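So you can see what is in the structure, the chains are spelled out below.
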Amino acid sequence: MYNILFWGLLAVFHMQKADDSTCKFQGKVKLPELSKNGDVILGGIFNVHLNSFHQIHSFTGQPVETTCRNKKLFLFHSFDLEVFRLVQTMIFAIEEINQNPVLLPNVTLGYKIHDNCASSALATKIALSLVNGPREMEPIQTCSQRYTKSVAAFIGCTRSSESVDIARTIGPFRIPMVSYYSTCACLSKRQEYPSFFRTIPSDQYQSKLLAQLVETFGWTWIGTIRSSDEYGIFGMQAFTETVEKLGICIAFSESLHRTDGGDKIRRIVEVIKKATTKVIVAFSSSLEMEILVKEVVRQNVTGIQWIGSEAWVLSDLLAPEESAIFLRGTIGPMVRKTQIRGLRDFLMDVHPSMYPGNLLVNEFWETQFGCKLMLENGTDQSDTTSVFPLHCTGEENLNQTHNSYSDLTLDGSSYNVYKAVYAVAHALHNMFSCKDKEGPFKNNTCAHTLDFKPWQLLHYMHSVQFTTKSQDKIYFDENGDPVASYDLVNWQTNAQGLKEITTIGYYDGSYLCFNSPPKVPRAVCSESCPAGTRKVSRKGESICCFDCTPCAEGEISNNTDSIDCVKCSLEYWSNQQKDRCVSKRIEFLSFADTLGIVLVTLALVGVCTTAAVAVVFLQYKHTPIVKANNSELSFLLLFALALCFLSSLTFIGQPSVWSCMLRRTAFSISFVLCISCILGKTIIVVLAFKATLPSNNVMKWFGHTQQRLSVLILTSIQFAICVLWLTILPPFPLKNSTHYRDVIILECDSGSRTAFYCVSGYIAILSCICFVLAFLARKLPDNFNEAKFITFSMLIFCAVWITYIPASVSSPGKYSTAVEVFAILSSSFGLLVSIFTPKCYIILLKPETNTKKHLMSKNAETKIK
């Protein structure tokens with residue numbers, strides 16, 4: 001819209017009759033201003049008044065000018081003392097530069113400062129007026145003449161929306177513009193705003209700061225309010241994009257404008273009252289916030305944690321006592337405060353007598369002291385009707401005031417104005433000093449103070465770099481932005497119950513640091529899910545509204561608000577709290593276990609008993625009962641039984657590659673050797689009975705040599721199977737984590753199932769053959785028939801191993817191994833006791849029966865019969 005206005009005005013300026021050789025303006029800017037002549041003029045645009053009053057035009061006469069005040073309504077409260085301080089700061093900086101012999105020597109800066117009454121239309125009109133040059137023109141001046149007193153650069157504006165309009169308007173002319181207060185991130189678009197600079201950080205940084213602030217306090221459920229202008233729209237957009245990346249949700253988002261009706265403001269406050277969050281981020285100008293908080297006070301809404309943008313966080317929106325109640329705890333950034341030496345004294349020296357008849361200064365004085373200025377003849381000094389009961393004496397003292405004009409303790413805006421003026425001054429100095437040999441002037445010539453173009457000054461604005469008296473380094477990046485730096489302030493309550501603003505931290509563009517972190521409320525839709533649980537979103541609600549569910553067995557979450565639980569690795573399991581993976585309990589039959597100690601003891605008892613029997617047999621080897629039972633096989637059987645007892649020990653202890661191979665092969669070979677001996681003894685018993693018959697010489701076919709060969713062959717078969725087993729796929733240690741979820745069972749896998757079944761089957765076959773033969777020979781007519789004891793021993797052996805199968809399957813973990821060891825020991829004890837106990841009984845306790853006659857007595861009786 002304003003671009004159309006601009007080009008329309010240009011068209012009006014150049015639409016003249018063909019015979020008209022003179023130029024004249026079609027209108028004038030009739031607004032209060034402060035001005036001073038100089039070699040180079042700087043333009044200033046400030047929102048000294050907070051309101052502007054537009055007339056409805058009938059187009060039957062010349063349109064009435066827009067004004068900043070309404071004389072009928074006496075709106076003196078619209079005069080902004082803080083902004084007038086900024087105006088005086090610009091004048092102070094210019095006067096200081098003019099007195100500086102080093103900076104811009106022999107060049108005097110002048111100024112033309114206007115009040116645009118917080119109106120973008122007025123700001124654009126003022127900018128066009130300053131660009132065009134002097135307001136009054138003599139008729140003799142022709143349109144071809146150049147007006148040397150047009151402004152070289154602009155200082156302004158206050159609001160981003162005004163800066164956007166002016167930057168678009170003067171952008172095609174490449175006139176430098178340095179803003180002290182416009183923070184909209186949109187102004188960093190260099191292609192759209194090629195001549196715009198600023199000494200206040202972009203809202204891009206402020207938005208990041210506010211987002212980082214929300215994240216630091218752990219808020220995930222917040223409300224947002226913004227003003228409906230470029231400042232609020234772009235600032236809140238950047239903030240929203242940042243917080244969404246951080247997983248922060250927005251409960252409600254409202255916008256307002258100073259022109260909105262009361263119904264909308266009341267509706268916004270109703271939304272605040274009903275919201276489930278008490279933390280609100282307000283990215284707004286002070287005017288909109290003042291309207292909003294007054295409605296908040298009217299509806300008595302307290303307990304809100306306000307997070308403010310720098311545009312209003314230092315503003316006096318309410319009376320101090322109301323601020324302490326309704327805005328207590330407010331947190332927000334402000335531009336770094338810096339003391340400007342001499343500024344306060346300059347501000348305190350301002351007096352209407354210094355600017356005779358100046359409406360801005362007069363109104364400032366009247367607003368400051370609440371009195372009416374009068375001329376000596378008794379007429380009004382200002383152009384307003386009398387609204388103050390008292391008359392100003394002119395003797396009022398500014399040093400006795402304490403308000404936004406005189407208070408510099410929490411302000412950085414004055415320093416931004418100061419830096420803006422100095423930035424233009426240094427660019428002019430560099431241009432006049434010919435410091436850039438590749439500058440915009442032909443043939444490396446230098447600029448003349450009365451003959452240079454704004455675009456030539458713009459060339460030097462890009463590279464300006466200087467250090468202020470406060471030792472701050474000032475320069476602009478490629479987008480015309482300064483280095484970001486903020487102080488963090490907090491609204492607290494003093495002992496008198498009034499608002500007190502305290503600095504609690506700072507932000508340098510990337511890092512947020514607190515001096516004293518404030519106490520803040522919680523702002524979450526759902527409480528954080530503790531470690532050991534995961535978030536489950538509620539259907540149809542924001543991602544910040546969720547339920548917490550415990551992790552499944554074997555899964556953990558070691559962070560709060562975990563989305564998923566992580567499954568523990570194979571050798572780990574979740575602890576009871578599901579927040580840490582712990583090593584699974586290792587289980588195996590250990591020598592240190594009570595069960596292991598018992599089994600080891602039984603094995604050693606078995607070995608010792610076997611050794612004792614062997615000693616007895618060795619001592620009585622010449623007795624008939626030892627000879628009758630084939631002493632060689634008996635000793636071999638005792639040796640095999642000792643190996644069986646010892647093989648049980650290989651099943652105890654932590655499984656290893658060697659122990660797994662040894663336990664299976666030792667068990668298999670030792671038991672085959674044992675059963676082979678028993679089978680040999682059984683065959684001998686059967687053949688011995690047959691040999692007693694007349695003319696029967698069967699025993700010659702199964703003598704000592706055949707007995708040895710039979711045992712050797714039968715054992716060698718098992719040995720060969722074991723060798724093949726160990727060669728092809730031997731047993732190996734295995735970590736079994738399938739039986740228990742939180743226990744790893746260390747066991748031995750059989751490796752080749754076929755080999756395992758072969759060795760086991762071979763033992764079973766030999767045992768069955770031995771049992772059948774012994775069973776058939778159990779009633780042979782001997783006084784000491786060994787077949788009966790062999791039958792009983794093999795019955796125990798088979799019964800033990802048949803029972804072992806279901807017992808092993810139903811016994812988990814180390815108990816399965818314990819059952820197998822117990823089966824080995826039981827079967828070994830069964831063979832030892834059943835076969836050798838009767839013999840030892842006769843040898844040790846019944847020596848009188850240990851005779852050949854007694855052993856053969858029943859045979860003799862049988863023959864006689």
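Residues numbered from 1 in each chain as written. Predicted model: local features only at pLDDT ≥ 70, side-chain atom pairs only at ≥ 80, totals over all residues. Heavy atoms only, no water.

The name an unreviewed UniProt entry assigns to the protein chain is Extracellular calcium-sensing receptor-like, from the organism Callorhinchus milii. The record held by UniProt for the protein chain lists under Sequence similarities (unreviewed entry) the comment "Belongs to the G-protein coupled receptor 3 family." Comment text from UniProt for the protein chain, heading Subcellular location (unreviewed entry), reads "Cell membrane". (UniProt positions renumbered as here; feature names shortened; annotations may be inferred.)

> Pulling in residues and values, what's your account of the overall build of the protein chain?
Along the protein chain, the regular secondary structure elements total 22 helices and 25 strands. Of all 865 residues assigned to the protein chain, the portion counted as buried reaches 50%. Within the protein chain, residue pairs in contact and separated by at least 24 positions form 69% of the contacts whose partners lie at least 6 positions apart. Total accessible area on the protein chain stands at roughly 41,100 Å², and carbon and sulfur atoms take up 58% of it. (Helix = DSSP H or I, 4+ residues; strand = E, 2+ residues; numbered from the N terminus. Buried < 20%, exposed > 50% of the residue type's maximum accessible area, 1.4 Å probe, protein only. Contact = heavy atoms within 4.5 Å. Areas by Shrake-Rupley, 256 points an atom, 1.4 Å probe, with all protein chains shown as cover.)

> Report on the sheet that holds strand 25 (residues 743–749), specifying residues and quantitative values.
As summarised here, the arrangement of the three strands in space is 23-25-24, forming an open sheet in which the pairing is mixed. Single-partner strands in this sheet number two, and they are strand 23 (585–587) and strand 24 (732–736). Averaged over all neighbouring strand pairs, the angle between strand axes comes to 25°, with direction disregarded. (Pairing = 2+ DSSP bridges. Axes fitted to C-alpha atoms, helices over the stretch in contact; angles between N-to-C directions.)

> Any details on the sheet that holds strand 4 (residues 153–155)? Residues and values, ideally.
One open sheet holds the six strands; their spatial order is 1-3-2-4-5-6, and the pairing between them is mixed. Only two strands of the sheet have a single neighbouring strand rather than two, namely strand 1 (33–36) and strand 6 (196–198). This sheet shows a mean twist of 20° between the axes of neighbouring strands, independent of strand direction. The sheet contact formed by strand 4 and strand 5 (residues 177–179) spans two bridges and is parallel. Bridging across to strand 5, Ile-155 finds its partner in Val-178.

> Provide a residue-level description of unusual backbone geometry, including the pertinent values.
Cis geometry marks the peptide bond from Gly-156 to Cys-157, where omega comes out at 5°. Summarising the element assignment, Cys-157 is placed in the loop between strand 4 and helix 4 (160–170). If you check the backbone angles, Asp-561 has positive phi at about 60° while not being a glycine. Note on placement: Asp-561 falls in the loop between strand 19 (555–556) and strand 20 (566–567). With a phi close to 60°, Lys-578 is a non-glycine residue in the positive phi region. Mapped onto the secondary structure, Lys-578 falls in the loop between strand 21 (572–574) and strand 22 (581–583).

> Give a detailed account of the packing of aromatic side chains, specifying residues and quantitative values.
For the coordinates displayed, the defined rule picks out 30 aromatic pairs. A ring pair is formed by Trp-312 and Trp-491, whose centres lie 6.3 Å apart and whose planes are at 70°; its orientation type is edge-to-face. Highlighted residues: Trp-312 in the loop between strand 10 (305–308) and helix 9 (320–326) and Trp-491 in strand 14 (residues 486–493), separated in sequence by 179 residues. Just as Trp-312 is buried, Trp-491 falls in that class too. Cluster of aromatic residues (ring-pair linked, three or more members): Phe-651, Phe-667, Phe-671, Phe-797, Trp-801 and Tyr-804. Sitting over the face of the ring of Phe-546, Lys-535 holds its NZ or CZ atom 4.7 Å from the ring centroid. Lying over the aromatic face of Phe-836, Lys-839 brings its terminal NZ or CZ to 5.8 Å of the ring centre. (Phe/Tyr/Trp six-rings, centres within 6.5 Å; stacked < 30°, edge-to-face > 60°. Lys NZ or Arg CZ within 6 Å of the ring centre and 35° of its normal.)

> Tell me about the pattern of salt bridges, and name the residues and values.
Enumeration over the complete set of coordinates arrives at 26 salt bridges. Arg-267 is paired through a salt bridge with Glu-254; the nearest N and O atoms lie 2.8 Å apart. Placement of Arg-267 in helix 7 (residues 262–274) and of Glu-254 in strand 8 (residues 249–256) is noted, with a sequence separation of 13 residues between them. Judged by relative accessible area, Arg-267 falls into the partly exposed class, the value being 39%. Take Glu-254: its relative accessible area is 12%, and that puts it in the buried class. Between Lys-264 and Asp-260 there is a salt bridge, with the nearest N and O atoms lying 3.5 Å from each other. Taking relative accessible area as the criterion, Asp-260 reaches 24% and is therefore assigned partly exposed. Residues joined by salt bridges that share partners form a network here, namely Arg-159, Glu-162 and Asp-229. (Salt bridge = Lys/Arg side-chain N within 4 Å of Asp/Glu carboxyl O.)

> With reference to specific residues and values, describe the packing of helix 20 (residues 786–810) against helix 21 (residues 814–845).
Closest axis-to-axis distance for the helix 20/helix 21 pair is 9 Å, and the angle between their directions is 170°. The angle between helix 20 and helix 21 places the two elements in the roughly antiparallel class. By residue class, the composition of the contact of helix 20 with helix 21 is 15 nonpolar, seven polar and three charged. (Parallel < 35°, antiparallel > 145°, perpendicular 65-115°, else oblique. Nonpolar A, V, L, I, M, F, W, Y, C, P; charged D, E, K, R; others polar.)

> Explain the side chain of Gln-88 to me, using residue names and the numbers behind them.
Note on placement: Gln-88 falls in helix 2 (residues 81–98). A relative accessible area of 0% means that Gln-88 is categorised as buried. Once you skip the residues sitting within four places of it in the chain, Gln-88 turns out to touch Leu-34, Phe-346, Leu-347, Val-350, Tyr-355 and Tyr-405.

> Tell me what's going on with the nonpolar core, and back it up with residues and numbers.
Where a protein is soluble and globular, its nonpolar side chains tend to be buried together. Membership of the largest hydrophobic core comes to 69 residues, with the highest contact counts inside it found for Leu-34, Phe-46, Met-90 and Leu-428. If you list the elements that add at least two residues to this core, you get strand 2 (40–46), helix 2, strand 3 (109–115), strand 4, helix 10 (343–348), helix 11 (359–369), helix 12 (413–432) and helix 13 (454–461). With 13 residues, helix 12 is the largest single contributor of residues to this core. For Met-90, the contacting residues outside a window of four places in its chain are Leu-42, Gly-43, Gly-44, Phe-46, Tyr-111, Ile-113, Ile-155, Val-417 and Val-421. By size, the runner-up hydrophobic cluster in this structure holds 55 residues, among which are Phe-617, Phe-667, Tyr-762 and Tyr-804. (Core = buried A, V, L, I, M, F, W, Y, C linked by side-chain atoms within 4.5 Å.)

> Before we move on, could you go through the state of the cysteines and cite the residues and values that matter?
One pass over the structure, following the stated rule, counts eight disulfides. Paired through a disulfide, Cys-249 and Cys-544 show a sulfur-sulfur distance of 1.9 Å. Disulfide Cys-249 to Cys-544: torsion about the S-S bond roughly 85°, handedness right-handed. Remark: Cys-544 occurs in the loop between strand 17 (533–537) and strand 18 (546–550) and Cys-249 occurs in strand 8; sequence separation between them is 295 residues. Cys-768 takes part in no disulfide bond, and the closest cysteine sulfur to it belongs to Cys-798, at a distance of 5.3 Å. (Disulfide = S-S within 2.5 Å.)

> Which residues make up helix 19 (residues 753–776), and what are the values?
Over its 24 residues, helix 19 extends 34 Å from the first C-alpha to the last, a length consistent with the 34 Å expected when each residue adds 1.5 Å. Turning to helix 19, its buried residues number three or more, namely Ala-755, Val-759, Tyr-762, Ile-763, Leu-766, Ser-767, Cys-770 and Ala-774. (Expected span 1.5 Å × (residues − 1).)

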